[in-house]
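Listed below, chain by chain, are the residues.
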Amino acid sequence: MLKDTLGLTAAFLAPVAALLIFNDWREQHVAISNEEISQDIYKKIHSISRYFHLPVDSNSENFYKNQSEFYKLLTEINHNGVFLKPYDYKSKQYILHLNELEKVLFEYWEAYAQYRSYYYLSLNEKELRGTVDNKAWDEYKSETTRYLQLKLKYNKQFYDLKNKYPLIEGCR
């Protein structure tokens, strides 16, 4: 009777044990996959950070080359982020953080490009002064200041986010 009871208990517990082992293996696999993806993302974010130090007065050829490289990295970050699996709280937070970081990167480049355009117009201030009235010129100068402030704001947000969340440990 004891032998039958132990056999029956083992028969019921075996599937439970198998389920626990199987689920543990899957979570570990997802965690390892997320860690590899987050390391690749970290490298790309480190690479993209060099674009926060570009001079505003670079020539057009360099600007468009840098813009192309910046958006390529941003696209790769976004593409890799799609493969992250939100299996626990930490990975879910990492994905939310990554989405916020992507938005800041996009907004930064838009502000940088607009500021650069206004900067080049300001180089021709004497010529432009004769073609527009003072009100239009004041609006132009106001927009130049606004885009500079936006550029600086997104620059700060990027470094705050980058330093606040160690990306390489995002999904461990």
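All figures in this text were calculated on a predicted structure; none of them were measured in a lab.

**A short note on the overall build of the protein**
Inference 1: Helix and strand counts for the protein come out as five helices and zero strands.
Inference 2: Going from N to C terminus, the protein has its helices and strands arranged as α-α-α-α-α.
Inference 3: Looking at the protein as a whole, 32% of its 172 residues are labelled buried.
Inference 4: Of the contacts formed within the protein by residues at least 6 apart in sequence, a portion of 85% connects residues at least 24 apart.
Inference 5: Only carbon and sulfur atoms are counted for the fraction: they give 57% of the accessible area of the protein, which is about 11500 Å².

**Considerations on the nonpolar core**
Inference 1: Counting 34 residues, the largest nonpolar core has I41, I48, L105, W109 and F158 as the members making the most contacts within it.
Inference 2: Every element with two or more residues in this core is listed here: α1 (2–48), α2 (60–82), α3 (89–122) and α5 (134–164).
Inference 3: With 13 residues, α3 is the single largest residue contributor to this core.
Inference 4: Those residues within four positions of I48 in sequence are excluded, and the remaining contacts are F70, L73, L74, I77, L105 and F158.

**Some thoughts on the packing of aromatic side chains**
Inference 1: In this structure the tally under the stated criterion is 16 aromatic pairs.
Inference 2: An angle of 10° between the planes, with centres 4.3 Å apart, marks the rings of F52 and F158 as stacked. In this pair, F52 is assigned in the loop between α1 and α2 and F158 in helix α5, connecting sequence segments 106 residues apart. We note that F52, like F158, is buried.
Inference 3: Taken together, Y51, F52, F63, Y64, F70, Y71, F106, Y108, W109, Y112, F158 and Y159 form an aromatic cluster joined through their ring pairs.

**A few points about the packing of α2 against α3**
Inference 1: Their axes nearest at 10 Å, the elements α2 and α3 cross at an angle of 170°. With respect to α3, the axis of α2 lies roughly antiparallel. The way α2 lies across α3 gives a crossing that is left-handed. In this structure, α2 uses S60, F63, N66, Q67, F70, Y71, L74, I77, N78 and G81 to contact α3, whose residues at the interface are L98, E102, L105, F106, W109, E110, Y112, A113 and R116.

**So, the pattern of salt bridges**
Inference 1: A full pass over the atoms with the stated rule returns seven salt bridges.
Inference 2: Note that D160 and K156 form a salt bridge whose closest N and O atoms lie 2.7 Å from each other. Pair noted here: D160 and K156 are both in helix α5, with a separation of four residues, about one helical turn.
Inference 3: Counted as one network, the salt bridges with shared partners bring together D40, K44, K72 and E76.

**Describing the packing of α3 against α5**
Each pair of packed helices can be described by the angle between their axes along with the distance between the axes.
Inference 1: Interaxial distance between α3 and α5 falls to 8 Å at its minimum, and their mutual angle equals 150°. When the axes of α3 and α5 are compared, the pair comes out roughly antiparallel. Between α3 and α5 the crossing geometry is left-handed.
Inference 2: Of the residues contributing to the contact of α3 with α5, the split by class is 16 nonpolar, six polar and four charged.

**Looking at α5**
Inference 1: With 31 residues, α5 should reach 45 Å at 1.5 Å per residue; the first-to-last C-alpha distance of 44 Å fits that figure.
Inference 2: Taken together, the buried positions of α5 are W137, Y140, T144, Y147, L150, K151, Y154, N155, F158, L161 and K162.

The rules behind each value
- Residues numbered from 1 in each chain as written.
- Predicted model: local features only at pLDDT ≥ 70, side-chain atom pairs only at ≥ 80, totals over all residues.
- Heavy atoms only, no water.
- Helix = DSSP H or I, 4+ residues; strand = E, 2+ residues; numbered from the N terminus.
- Buried < 20%, exposed > 50% of the residue type's maximum accessible area, 1.4 Å probe, protein only.
- Contact = heavy atoms within 4.5 Å.
- Areas by Shrake-Rupley, 256 points an atom, 1.4 Å probe, with all protein chains shown as cover.
- Core = buried A, V, L, I, M, F, W, Y, C linked by side-chain atoms within 4.5 Å.
- Phe/Tyr/Trp six-rings, centres within 6.5 Å; stacked < 30°, edge-to-face > 60°.
- Axes fitted to C-alpha atoms, helices over the stretch in contact; angles between N-to-C directions.
- Parallel < 35°, antiparallel > 145°, perpendicular 65-115°, else oblique.
- Left-handed = near helix turned anticlockwise from the far one by under 90°.
- Salt bridge = Lys/Arg side-chain N within 4 Å of Asp/Glu carboxyl O.
- Nonpolar A, V, L, I, M, F, W, Y, C, P; charged D, E, K, R; others polar.
- Expected span 1.5 Å × (residues − 1).

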